[in-house]
Amino acid sequence: MKHNGIGASAGRIARAICLLALLLPVLAFASDRVPKPVIDIARPGKCVEDTATMRREHPDMLKHQRDLTMHEGIRTQKHSLKECISCHASTKTGSVLGNNGFCQSCHEYASVKIDCFNCHASKPKRIAGATP
Amino acid sequence: MSADTNEVLSRRGFLAISAATLGGVMLAPGVRLIEIAAARAPEQPVSRKVRWGLLIDTNKCAPGCDDCVKACATENGLKNTGHPRTDAQWIRKVELKDMRTGRTNSVPVMCQHCEEPPCVDVCPTGASFKRADGIVLVDRHICIGCRYCMMACPYKARSIVFQSISDQNPDVPRGNGCAEGCTLCVHRVDRDQQPACVEACTKAGHNAMIFGDLNDPHSEIAQRVAKYASTQIRADLQLNPGVRYQGL
Amino acid sequence: MADSLIYRELGGPSRRFWSLLALLAVPLALGAVAYFYMEHYGHIVTGMDNQIVWGMPHVFAVFLVVAATGALNIAMAASVFGKPVYRPVAPLSALVSLALLVGGLALLMLDLGRSDRMIVAITQLNPASLFARRVIFYDGYMVSVGVYLWFLLERRMNRYIRPAAIVAFLWQLLLITSTGLEFGFNFRAAYDSVLYAPMFIAFAAAYGTAVLVLILFAVCSWEERPVAEALLRRFKNLLGIAVGASLFFAVLFLSSKYELARSRDVARFLLFDGGVYTALLWLGQLVIGCIVPLALLVRSQFSRSALAAACALVVLGGLAQMYVTLIGGQAYPQILFPGMVETSSFFDGEIHPYTPSLVEVLLGLGGMALAAAIIAVALRALALLPTRLEVPAEPQA
Ligand code: SF4
Ligand code: SF4
């Protein structure tokens, strides 16, 4: 079976999750600190809403925006997944996924499956000649 | 990135105002740029007054030329995995030969953006839907991959994705297990650009494809279909596709 | 009269029953493995492609769904049309119908490109869609048949059997007609015929009755349950009529396709030069599925083994029929430009090849095994069949 990029990385992620699941009790036992997600914000500045709102409501915002975009062609940037990604992609990997990726690290911590990146690009569009 | 989008925004804002106040800038007498007819502010929903369509002049379409197909693949991130039977094809060139007369034609075929789309009629979840402006799309958020639309589409316009994909164009999300088809480059249309195939065809000097608003009597496409004979594929099915062909 | 019957669960030592379940667990487990394999790698591991979009799982699934609607006929004959001779098997008939439907629907769900979104499939319905309406029909059918079965089993509810049966009957009609029409309304050249609705009603009656009788025989070989020959003769006649009607409609359908100029090419493909589809049509659907069973059934001398053989052949022929209808119908190219020769990179104008992959077959067999397991467990847990199916039939019922 040939693996393509996502297949392979999904496999890696799956293995990482399994490993993490196996290690978690050990880690929790070894230190009294529960591992926290890595929230590595490469581009400091203000998000579209305050942090508490974003943490709680980003799924609803994204869902609301997705329906507007999909069905009514409204492509405003605030609350659009594309904008989230272009701001939050890691400066190292260029992606919001990966072990320390903005989306993945937190979702892994909360063990909430992200369905977005089956279809959506996890990296912002490369613009020729533009420095991000 | 942001500079780029701001520019688009401000241009669109300006056009929206000018379209509203001046009633459109005349290009040639009676013909307006499609951008102006279409311009809407980014927060404005698509309008029912618009019906996007394509007019393909098969007399100008060269056999074997696949500029439009290549442009589509690049724009929408359709990659060749070496398995043509399972690779998605949103647009294809169909070479035709009339059995009786021997006349040949070469025609690009993509989703025909039917006014009465059977794919929408059969879709169990409502994932296949028609936008107010006539563009037929798949909402991958709710598509369950039942492939019913593929069974129902008379034009073989839909593909399903057989494997997970990576490195999508951020404007064109696509992924394993969902049905998909030509979107008329809806992400470009929403930015007041032409579909990639049309742009490529024009750029290469063939000028075989025109894109525009069939409902706007001033648009080039509406004027052309009003003046010259054009047909729809399988017009007998009465689906009233938004894609029309000349010279078939 | 029917009330004098004593209904009993499936007996026998529990070790024997567990080994039966263990036997059924093998195809079930293989089906589950096949599903996870498909789910993990995507439909690339099936034989399907962008031309043949419904493969082997659909062949099994549609067969099960069609047989499910037909399996209820016996119960309906007993409770709606007042034929007491069928009353002893009415609960079995309802159960088989439910189990086959569950097996078929499970297959349809597991074969989805995004089977992780099954919930969406059930909750987010597009009311205009024929297919989604079918989801409603499935639900309504299952509920109404379930209620009917409950009334049959619950003595206090016995007097409401008839109204419940009528409701179930209406759902049954809706479901089978819509299944047939779903093909009939399709634009593909092989479909596109209103004959599909009556044809599928006949198919359903044949497949459903055949499966029901096979299960009855299986119970009889499991333990001593004497079955009146009069009842089996009824089954024989019913099956004969259903198979005869299937043959009639199939011939009518094929010849009407052949006679109409616009569909002659596809008829020629199916009838003469479709390769495996032609073979399956003639040998599978017509000879094994109709002609041989008919010959076995119309023999004047009644024999149980002949009836059992006829039932098994009808099931095999039914699967062949589904393969021809579903896969053959897709293999024949979609005509975009009538009168023109089409060629393209998307295989326009060509006969599309399809080879079912092992995973698909395993998944399909898993669906069959699921239905069988449901029947086995339900028969063991519920008193669905009388100890003796020997109620003398009224002479003119
Ligand atoms: S061409 Fe096919 S996919 Fe496109 S709108 Fe018509 S039926 Fe739907
Ligand atoms: S595959 Fe997706 S879009 Fe097509 S009918 Fe099924 S749910 Fe609708």
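These numbers come from a predicted model, not from an experiment.

Q: What is the right way to look at the interface of chain C and chain B in this model?
A: One frequently used descriptor of interface size is the decrease in accessible area upon assembly of the parts. Taken together, the contact pairs 50 residues of chain C with 54 residues of chain B. With both chains or domains summed, chain C and chain B bury close to 4,600 Å², and 59% of this area falls on carbon and sulfur atoms. Interface area lost by chain C to chain B is led by Asn50, Phe187 and Phe346 of chain C, which between them contribute 15%. At the junction of chain C with chain B, the criterion picks out 3 salt bridges. A salt bridge links Asp111 of chain C to Arg147 of chain B; its shortest N-O distance comes to 2.6 Å. Linking chain C with chain B are 26 residue pairs in polar contact (both at pLDDT 80 or more). Here the side of chain C that touches chain B gets 5 residues from one element, more than from any other, and that element is strand S2 (residues 340-344) of chain C. Residue composition of the side of chain C that touches chain B, by class: 24 nonpolar, 17 polar and 9 charged.

Q: Just to check I follow, could you spell out the site of ligand 1 for this structure?
A: Near ligand 1 lie 13 residues; those nearest to it are Cys111, Gln112, Cys114, Cys119 and Cys153 of chain B. A per-class count over the shell around ligand 1 returns 10 nonpolar, 2 polar and 1 charged.

Q: How should the sheet that holds strand S3 (residues 52-57) of chain B be read in this particular structure?
A: The strands that make up a sheet pair up through hydrogen bonds in the backbone, lying either parallel or antiparallel. Residues and elements named next belong to chain B. The strand order S10-S3-S11 describes an open sheet built from 3 strands, whose pairing is mixed. One side of each edge strand has no neighbouring strand; the edge strands of this open sheet are strand S10 (209-213) and strand S11 (243-246). Averaged over all adjacent pairs, the angle separating strand axes in this sheet is 20 degrees, with direction ignored. The sheet contact formed by S3 and S11 spans 4 bridges and is parallel. The residue bridging Asp57 from the neighbouring strand is Gln246, located in S11. Its contacts with the sheet place helix H7 (residues 196-203) against S3 and S10, and it is angled at close to 135 degrees to S10.

Q: What's the story with a nonpolar patch on the surface in this structure? I'm lost.
A: Residues and elements named next belong to chain C. A cluster of nonpolar residues, Phe272, Trp282, Leu283, Val287, Ile291 and Val292, forms a patch on the protein surface that exposes about 540 Å² of accessible area. Counting residues per element, the nonpolar patch draws most heavily on helix H11 (residues 276-298), at 5 residues. Tracing the sequence through the fold places Trp282 in helix H11.

Q: Please clarify how the interface of chain A and chain C should be interpreted in this entry.
A: Taken together, the contact between chain A and chain C spans 5 residues of the former and 6 residues of the latter. A buried area of about 390 Å², summed over both sides, lies between chain A and chain C, and 52% of it is on carbon and sulfur atoms. The interface formed by chain A and chain C contains 3 salt bridges. The partner of Arg114 of chain C in a salt bridge is Asp115 of chain A, and the shortest N-O contact between them spans 3.0 Å. On inspection of chain A and its partner chain C, the count reaches 2 residue pairs in polar contact (both at pLDDT 80 or more).

Q: Please clarify how the state of the cysteines should be interpreted in this entry.
A: Chemically, a disulfide is nothing more than a covalent bond linking the sulfur atoms of two cysteines. All names here are of chain B. Here the structure, examined in full by the defined rule, presents 0 disulfides over all chains. There is no disulfide at Cys72, and the cysteine sulfur nearest it, in Cys185, is 6.3 Å away. Here Cys72 falls in the buried class, since its relative accessible area comes to 8%. Unpaired in terms of disulfides, Cys178 finds its nearest cysteine sulfur in Cys143, a separation of 4.3 Å.

Q: Would you take a moment to explain the packing of aromatic side chains for this structure?
A: Where two aromatic rings form a pair, the distance of their centres and the angle of their planes describe that pair. Taken as a whole, this structure holds 26 aromatic pairs over all chains when the rule is applied. Between Phe81 of chain C and Phe169 of chain C, the ring centres sit 5.4 Å apart and the planes meet at 90 degrees, which makes this aromatic pair edge-to-face. Of this pair, Phe81 of chain C sits in the loop between helix H3 (73-79) and helix H4 (90-110) while Phe169 of chain C sits in helix H7 (residues 161-184), and the two are 88 residues apart along the sequence. Ring geometry for Phe183 of chain C against Tyr196 of chain C: centres 5.6 Å apart, planes inclined by 25 degrees, an arrangement best described as stacked. Of this pair, Phe183 of chain C sits in helix H7 while Tyr196 of chain C sits in helix H8 (residues 196-222); the two residues are 13 residues apart in sequence, bridging distant segments of the chain. For the pair formed by Phe183 of chain C and Tyr196 of chain C, the shared burial category is buried. Every member of this aromatic cluster is reached through a ring pair, and the members are Phe63, Phe183, Tyr191, Tyr196, Phe200, Phe203, Tyr207 and Phe253 of chain C. Arg85 of chain B extends its terminal NZ or CZ atom over the ring of Phe347 of chain C, reaching a point 3.9 Å from the ring centre. The ring of Tyr258 of chain C has Arg264 of chain C sitting right over it, with the charged end atom 4.8 Å from the ring centre.

Q: Would you explain the confidence of the model for chain C in this entry?
A: Segments scoring low in pLDDT should not have their predicted coordinates read at a detailed level. Residue and element names in this part refer to chain C. Scored by pLDDT, chain C has a mean of 91; 97% of the residues are at 70 or more. The model gives residues 393-397 a pLDDT under 50, and that stretch makes 6 contacts with residues more than four places away or in other chains. In the predicted assembly, ipTM is 0.89 and pTM is 0.87.

Calculation rules
- Residues numbered from 1 in each chain as written.
- Chains lettered and ligands numbered in written order.
- Predicted model: local features only at pLDDT ≥ 70, side-chain atom pairs only at ≥ 80, totals over all residues.
- Heavy atoms only, no water.
- Contact = heavy atoms within 4.5 Å.
- Buried area = accessible area lost by both parts, 1.4 Å probe.
- Salt bridge = Lys/Arg side-chain N within 4 Å of Asp/Glu carboxyl O.
- Polar contact = N/O pair within 3.5 Å; in protein donor to acceptor, adjacent residues only side chain to side chain.
- Helix = DSSP H or I, 4+ residues; strand = E, 2+ residues; numbered from the N terminus.
- Nonpolar A, V, L, I, M, F, W, Y, C, P; charged D, E, K, R; others polar.
- Near = heavy atom within 4 Å.
- Pairing = 2+ DSSP bridges.
- Axes fitted to C-alpha atoms, helices over the stretch in contact; angles between N-to-C directions.
- Patch = residues over 30% accessible without salt bridge, like charges linked within 9 Å, V, L, I, M, F, W, Y side chains within 5 Å.
- Areas by Shrake-Rupley, 256 points an atom, 1.4 Å probe, with all protein chains shown as cover.
- Disulfide = S-S within 2.5 Å.
- Buried < 20%, exposed > 50% of the residue type's maximum accessible area, 1.4 Å probe, protein only.
- Phe/Tyr/Trp six-rings, centres within 6.5 Å; stacked < 30°, edge-to-face > 60°.
- Lys NZ or Arg CZ within 6 Å of the ring centre and 35° of its normal.
- pLDDT = per-residue confidence, 0-100.

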